[in-house]
Structure formats: C-alpha cells, structure tokens
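Here's the letter readout for the chains.
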Amino acid sequence: MRYKEVLLFLLFSVLPVCIALSGLSSMTPWIDEVMFADSPMHYVNGAGWSTYSWYSIAGQEPFMLYPPLYSMLLVPWMKTFGTTLLACRSINIAILLIIGVGMMRILRLLNQELSAGRILLLAILLWCPGDMIFMYSNGRPDLLGALLLVFISGEMIVTAGSGKRGWGIAVLSALLMGTSIQSAVCLAIILLLSYAVLAQYRPIIVRLSLLSAAGLAAGFVADCAFMASNGHLTSFLVNILSYSGSAKAVASIVLSIINDCSGIDTSYFMGKLSKMGSESPLYLRLLSIFTRPVYASLLLADMMLMLIYIKSLKRKPCYIAVKHLSALAVGIPLLMVLAGRFQTYYFWMAYLPLFLLTVMLFRLAEYRWACMIIAFPLSLALAHDITKESTDNHYKEQEYFIRRCTMLRGKKIIAPFSVFYEASRLSDRIYYLGIYPPRFLPSDIDYIILPEKTADYGNDRIYKYLEDISKTDSATIVLVAESKQPELKVYRISK
C-alpha cells in the first residue's frame, strides 16, 4: 500500500475526526463503558486492578464477566492522555483510523486500485453512518475486535497467496479471544461462509481455520486462567452463555441429561439460565438488522450494481472477492442472530464487509451511474441518521456541578454512571448500584449522588438505598448540594 493513499485517507478523515472529538463529551457515560473503564482507572490512580462497578463481586476484585484485553489497553492510554471522558473515549477514534488503513490494505491485497474517489467513499462509510458514530463514540471494546479481525483477514489473504505458515493468524486470533467472545464467533462465521462460497479454496480455508482455531483456543484458555486466578471462572462462563440463545438452549439440554443420567441436581444452574431473559422472535431480530438505514441502502445499491453489471463482473478477477464479500455482508448478521444476540455495537461485523464491497463496486460502473446508485440512497440514509432526534443529556452541566462538589474528595460515594468520569477525579471509591449489589457495600458510605429518577440505568436502586437508610435511626441524611439543571442532588450520610 502506498503512503500517498494512507495520507489521503488521513486527510479525508481530519474533518470527521475533529467533529467526533468535539462530540465525545456530549453523550452521558453509560453502564458498559463505566464497567470497562473502572478497573484501569483505579490502576492508573494507584488503587490497583480493582472495581466498584461490576455486579456480584465482593472485595472489589477485577471484573470477571468479559475478556480483559481492552481494559488492559486502556491503562497505557489513560496514563498517556489522562482519565477524562474525552481522553478515554478517544481510543476508539484512533482504533477506527487504523481500521481504515487496514481495510485499504485488504483492497490492495485484492489488487484493487485505490483512487481518490474510492478512498473518500471509504472514509465517508467509516465515519458518517449513525451506528458507526455510536460505536466510536463510546468506550466499548467492539472496535478493538474489529481491528483484530481486519488484521486477521489481511494475514489470511497474504498466507493464502504466499503459502507461508501463517502463525501470525494464530497469535491475532488469541488476542481476538482476549478482546471479545462475540468477535471470535464472528471469525468462525467468516471462515464457515468462506468455506461455503469459495469452493476452489477449501483446502487453504481448512488450514487457515485450523490456525485460527488454535489461536482462539489458546486465547480462551488464557481468559479462563485469568478469571480462575481471581476466583470467578464460573461467572465468566455463565456470562458467555447469557449472550447466546443457542448456547443457552444447548446448556439446558446438557444439564437436563446430566440430571437424568447421573442424578446430580442441576436445578440451580437451570434456574440461572432461565433468568437470563427470553429472546425476541427471530423475525423481529432479523427485521431490526435489515432495516438499518445505511445497511439497507448500501445493500440495495450493491445488489443493483451487481445485477446491472453481472456479465462484465463475472469476467473480472475481482468477481470472487465480490461474491465472498456479498456472502459475508448478508450471512454474518443472519448467523450471528441464530447464534445469539446481534446488538447495535456488533453492527461493524456486517458493515465492514459491506463497505469493502461498496468500494469495490464503485469502480465497476461508470462514475455517474455508480454515484447515482450508491450516493442517492446513501445520502438519504445518512440524512436520516444525522437528523434523528437526540436528547440533551446536560453532561456539561453535570461535569461543572461535580467539579464544585469538593466535599466528595477521598470519600466513599454511591453515584450514577452518568457522573463516573468527573466523580472519579475526586474519589476512587465510588459504587454504582445499577449493577453493584448493595449487600457488598461498606457500612460507612459518606455521600449519595442522587440523579433524576428516569435518567440513567440503575437509578431506582439508588433511590431504594437512600430510602432504606432514611428509615433507620442510626443515620442522618443531609442535602448538601443540588443542581437543578442536570437534576443532581448530593446527600451526606452521618452515622
């Protein structure tokens, strides 16, 4: 890949990156990113690898329900750029830039010319769709998984073409498992679809699959060893089941057989599985995917281009890659839904192959027709995302208010997720009752930050805790600070 092409992509990304950075502090922190950022923030602040935000964990041990690689990566990032909301969230913007360069490398490996128009289209597709904005604007590990999958895809193309052993695929697959179980499932689906579509390459795909399987297995063993060393291996494994309806169904059958054949009582575990919630009907889950504005518009545009130019397309060397990417763009969301859940933050799995397909097809047609077929529905979809109603969450007002609450410095605090980053600069002992069990709370809580009741996940539990404390004769509750704009109240608890 040429340096001029990379520089051109970075140039096209300057404006979106600036807009993204300016908007990172406008979205209130939410439950997921607080859970991932809590332990590394404690570590950077000298409190060790501990947490006050994960549920069912006594003694503030490291979180045990998700592979730890992303949170570990946050440690050097926080040490370098700080622990503010903007600094912590910006890691995903850096990751997306690298993803863009990685996708350009894949196009080069597929012998695709990277014209300025194609690079611009790729930049638009990476930065502008609403679902992509959501993914790089919040602190989840999903884009790190996407980056590793892009790297793995590039290594597979190189290995298939050169005949090298491809041990890099195994290493990257192990890192993928340390980042996200869902991304590992996506890799398995990619290999399965590749085997089904690329019949002439099946011996190579089998070898690549064995390398990936070895890496994923090693990564899973490492994850389990990490969890077991902290005494929460069972919680980790149960959490994996909770993300997959298929896995829950298999686990229920296996537990039932164990109960019938061995006489071992598995009712406790069966009860745990039954409480994990029921999935919505399959057709509704599929409908929620294929009606996403940008995904639907690009898929329709690409299908039209392939139908119009099918004869000439079959004579081109890129036809195999086009067929393969088409299968991935449609097959990944279908199989992910069958395997379990396909949440908004997994949509990169369907988008990235669709983006590559669109960029490849863009040059097949004459520019005027390609622009009409691709740009018109894409512009409507992007306009829908841009004009979609958003809520004013008053984060700036919350930030200013918490900064003035100097009485919180060094105290034990119960707080909502929305004030995590600012409150963490005052104290490293903040408990989030949205998912942290009240039975593990210390008895000497100093302050409670009470939010608007409907504004954040878990707020009902904060209200319930304050209500229970207020009913006791041993505690005195005093309102010491209040901000009406973000609707926050700070109560001191004296015992």
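Computed from a predicted model, the values in this text were never measured in an experiment.

## Notes on the overall build of the chain
Within the chain, the regular secondary structure consists of 23 helices and five strands. Across the 495 residues of the chain, 50% fall into the buried class. Per element, the accessible surface of the chain, about 22,500 Å² overall, is 63% carbon and sulfur.

## Let's talk about the confidence of the model for the chain
Summing up the model confidence of the chain, the mean pLDDT is 83 and the portion of residues at 70 or higher is 84%. Per-element mean pLDDT across the chain ranges from 60 in helix 14 (residues 267-274) up to 96 in helix 5 (residues 91-109). Across residues 56-60, where pLDDT falls below 50, the model places 17 contacts with residues more than four positions away in sequence or in other chains.

## Quick word on the nonpolar core
Ile99 and Leu126 are the most contacted members of the largest nonpolar core, which totals 126 residues. With 13 residues, helix 19 (residues 348-362) is the single largest residue contributor to this core. Other than its neighbours up to four places away in sequence, Ile99 contacts Leu126, Leu143, Ala146, Leu147, Val150 and Leu352. In this structure, Leu433, Leu441, Ile462 and Ala475 belong to the second largest nonpolar core, which totals 15 residues.

## Focus: a nonpolar patch on the surface
Where nonpolar side chains cluster on the molecular surface, the patch consists of Tyr195, Val206 and Leu210 and spans about 280 Å² of accessible area. One can find Val206 in helix 11 (residues 202-229).

## Some points on the pattern of salt bridges
Applying the stated criterion across every chain yields a total of twelve salt bridges. Two residues, Arg105 and Glu155, come together in a salt bridge whose shortest N-O distance is 3.8 Å. Linking Arg105 in helix 5 with Glu155 in helix 8 (residues 142-162), this pair joins segments that are 50 residues apart in sequence. Here Lys464 and Asp468 are joined by a salt bridge, their closest N and O atoms 2.9 Å apart. Of this pair, Lys464 and Asp468 both sit in helix 23 (residues 459-470), four residues apart, roughly one helical turn. According to the relative accessible area criterion, Asp468 is partly exposed, its value standing at 32%.

The rules behind these values
- Residues numbered from 1 in each chain as written.
- Predicted model: local features only at pLDDT ≥ 70, side-chain atom pairs only at ≥ 80, totals over all residues.
- Heavy atoms only, no water.
- Helix = DSSP H or I, 4+ residues; strand = E, 2+ residues; numbered from the N terminus.
- Buried < 20%, exposed > 50% of the residue type's maximum accessible area, 1.4 Å probe, protein only.
- Areas by Shrake-Rupley, 256 points an atom, 1.4 Å probe, with all protein chains shown as cover.
- pLDDT = per-residue confidence, 0-100.
- Contact = heavy atoms within 4.5 Å.
- Core = buried A, V, L, I, M, F, W, Y, C linked by side-chain atoms within 4.5 Å.
- Patch = residues over 30% accessible without salt bridge, like charges linked within 9 Å, V, L, I, M, F, W, Y side chains within 5 Å.
- Salt bridge = Lys/Arg side-chain N within 4 Å of Asp/Glu carboxyl O.

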